[in-house]
Amino acid sequence: MSLIVQKYGGTSVGNPERIKNVARRVVAAQEQGHGVVVVVSAMSGVTDNLIRLARECSPNPEEREMDVLLATGEQTTIALTAMAINALGKKAISLTGAQAGIVTDGVHTKAKISDLTPKQLKQHLDDGYICIVAGFQGETKDKRITTLGRGGSDLTAIALAAAVKADLCQIFTDVDGVYTCDPRVVPTAKKLDEISFDEMLEMASSGSKVMQSRSVEFAKKFGVVFEVRSSFNDNPGTIVKEETKSMEAVVVRGVSIEKNQAKVTVRAVPDRPGVAARVFTAVAAANIVIDMIVQNVSHDGTTDISFTLNKDELPKVETGLGKVVKEIGARSLEIESGYGKLSIIGVGMRSHSGVAAKMFEALSKGGINIVMISTSEIKTAVIIDEAKLTDGANVVHEAFGLGK
Ligand code: ADP
Ligand code: ASP
Ligand code: MG
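Calculation notes
Residues numbered from 1 in each chain as written. Chains lettered and ligands numbered in written order. Predicted model: local features only at pLDDT ≥ 70, side-chain atom pairs only at ≥ 80, totals over all residues. Heavy atoms only, no water. Pairing = 2+ DSSP bridges. Helix = DSSP H or I, 4+ residues; strand = E, 2+ residues; numbered from the N terminus. Axes fitted to C-alpha atoms, helices over the stretch in contact; angles between N-to-C directions. Buried < 20%, exposed > 50% of the residue type's maximum accessible area, 1.4 Å probe, protein only. Salt bridge = Lys/Arg side-chain N within 4 Å of Asp/Glu carboxyl O. Near = heavy atom within 4 Å. Polar contact = N/O pair within 3.5 Å; in protein donor to acceptor, adjacent residues only side chain to side chain. Areas by Shrake-Rupley, 256 points an atom, 1.4 Å probe, with all protein chains shown as cover. Nonpolar A, V, L, I, M, F, W, Y, C, P; charged D, E, K, R; others polar. Contact = heavy atoms within 4.5 Å.

(A) Region of the structure containing the sheet that holds strand S18 (residues 379-385). Spatially, the six strands line up as an open sheet ordered S14-S15-S13-S16-S18-S17, and their pairing is antiparallel. In the strand order of this sheet, the two ends are held by strand S14 (290-295) and strand S17 (372-376), each with one partner. In this sheet, adjacent strand axes meet at a mean angle of 30° when their direction is disregarded. Pairing geometry for S14 and strand S15 (residues 302-310), over four bridges, is antiparallel. Across the sheet, residue Gln295 finds its bridge partner in S15, namely Ile305.

Below you can see the structure in the form of structure tokens.
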């Protein structure tokens, strides 16, 4: 018997009607002769609401308790989904992350999966049950509840698909697949039939939240081919798989945007060996996650070092860097928010020239100023005014002819 892992996101299980829709789809898959493992997210809005409640109860909630709280969202959905399937006269059983065998490290709120032995789940499948697994959660070896980072149900699905050696892994969501850009930002965005793991990974980690980036990393590592598709229709979705030769013919596969970016500049840093190392050792020691780094040309023996980061990281900057800035004799620490990141991604960039120039020209025509630039083999990203992100995404999308 073939085995399918299906994952349904928050909107797809957002109310009882939608849960019943999922139940019907799952039953249809079983009736086609497949063993079915279903991973579900919390109902839409539930996780955000739990986070809000936590903040109302404490200015600084312990991460252990956050995980106990957040895991309840998915636990609600597994029970409701199992009930809806049972009501259709089929056999379904709900399993928490721990019951499904997901063991993680102890890094609360962004735990990594360290082991996955789905013994109980396989037994239930053999007994003819449809297994409904809570996404986003696991358990440490010493039985503490953990969660896998926002969007982590994608990771649960991919990891389970690898562990049970599923024949098919389907990620059902509220759009028809992976588009050339978020269709809510660029109305002319086109659905892609296929995309490589590397491109999907770059898109996810530069703001295309359609897949959690860690789940794509996992899929690439373990060779889990998956399909992103809609839970509201039967249209074929986007296949995410290893790169093929023909994929290089397309220069830019997609455009991503990310809001809430901030820029930190250490002004007038003495230009001598070891100074950048001191700054970024302090950044690392304070657990500040940064993105782009730029060091300017030296004038009069000093230089400016800037880096970007998510706005949420800013509270750690003053305490983490204030001391070292004084110690190295830099002039000041400047913090600016209100930025966004716009990226273009495509494996074809490796073999085509003039890609960055075309992007910058499109932005210039749109009257959009570039604050910082970074490039990698298959990505060019710029920092711009956050208010200009939507305009920027649309002009760049158009310039590369990605639209319908
Ligand atoms: P789920 O709850 O099913 O996990 P998400 O909200 O996490 O769904 O992801 C789906 C959303 O991702 C879409 O509604 C869409 O607005 C957004 N999105 C961002 N970038 C893209 C893209 N390139 N292609 C498709 N959707 C995208
Ligand atoms: N419920 C979690 C979140 O909102 C996990 C997920 O939906 O994938 O981030
Ligand atoms: Mg998601």
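(B) Seen up close, the pairing of S18. Along S18, six of the seven residues are buried, which leaves the element largely enclosed by surrounding structure. With seven bridges connecting them, strand S16 (residues 332-345) and S18 associate as antiparallel partners. Paired with Gly340 across the strands is Ile384, a residue of S18. The antiparallel hairpin formed by S17 and S18 contains two residues in its connecting segment.

(C) Up close: the pattern of salt bridges. Following the criterion strictly, the structure yields 25 salt bridges and no others. Taking the shortest distance from any N to any O, the salt bridge between Asp198 and Lys220 comes out at 3.2 Å. Here Asp198, found in helix H6 (residues 197-205), pairs with Lys220, found in helix H7 (residues 213-222); they are 22 residues apart in sequence, far enough to count as distant. When its relative accessible area of 33% is taken as the criterion, Lys220 is described as partly exposed. Between Lys263 and Glu336 there is a salt bridge, with the nearest N and O atoms lying 3.6 Å from each other. On the criterion of sequence distance, the pair formed by Lys263 in strand S13 (residues 254-270) and Glu336 in strand S16 is long-range, its members being 73 residues apart. Within the structure, one salt-bridge network assembled from shared partners comprises Glu243, Glu248, Arg350 and Glu377.

(D) Examining the site of ligand 2 more closely. In the vicinity of ligand 2, the contacting residues are Ser41, Ala42, Thr47, Glu74, Phe136, Arg150, Gly151, Gly152 and Ser153. At 3.0 Å, a backbone N or O of Ser153 approaches an oxygen atom of ligand 2. Within the complex, 86% of the 260 Å² of free accessible area of ligand 2 lies under protein. For the shell around ligand 2, a count of residues per class yields two nonpolar, five polar and two charged.

(E) Molecular detail of the sheet that holds strand S10 (residues 194-196). The strand order S3-S6-S2-S1-S9-S11-S12-S10 describes an open sheet built from eight strands, whose pairing is mixed. A strand with exactly one partner marks an edge of an open sheet, and here the two such strands are strand S3 (92-95) and S10. Put simply, the sheet's adjacent strands are angled 20° from each other on average, direction ignored. Judged from the three bridges that link them, strand S11 (residues 226-230) and strand S12 (residues 238-241) form a sheet pairing that is antiparallel. Among the inter-strand pairings, Phe226 is bridged to a residue of S12, identified as Val240. Sitting on the sheet, helix H1 (residues 16-31) touches strand S1 (3-8), strand S2 (35-40), strand S6 (130-134), strand S9 (168-173) and S11, and the angle it makes with S1 is about 170°. Across the sheet, H6 touches S10, S11 and S12, and the angle it forms with S10 is around 85°.

These values are about where atoms sit, not about what they do.
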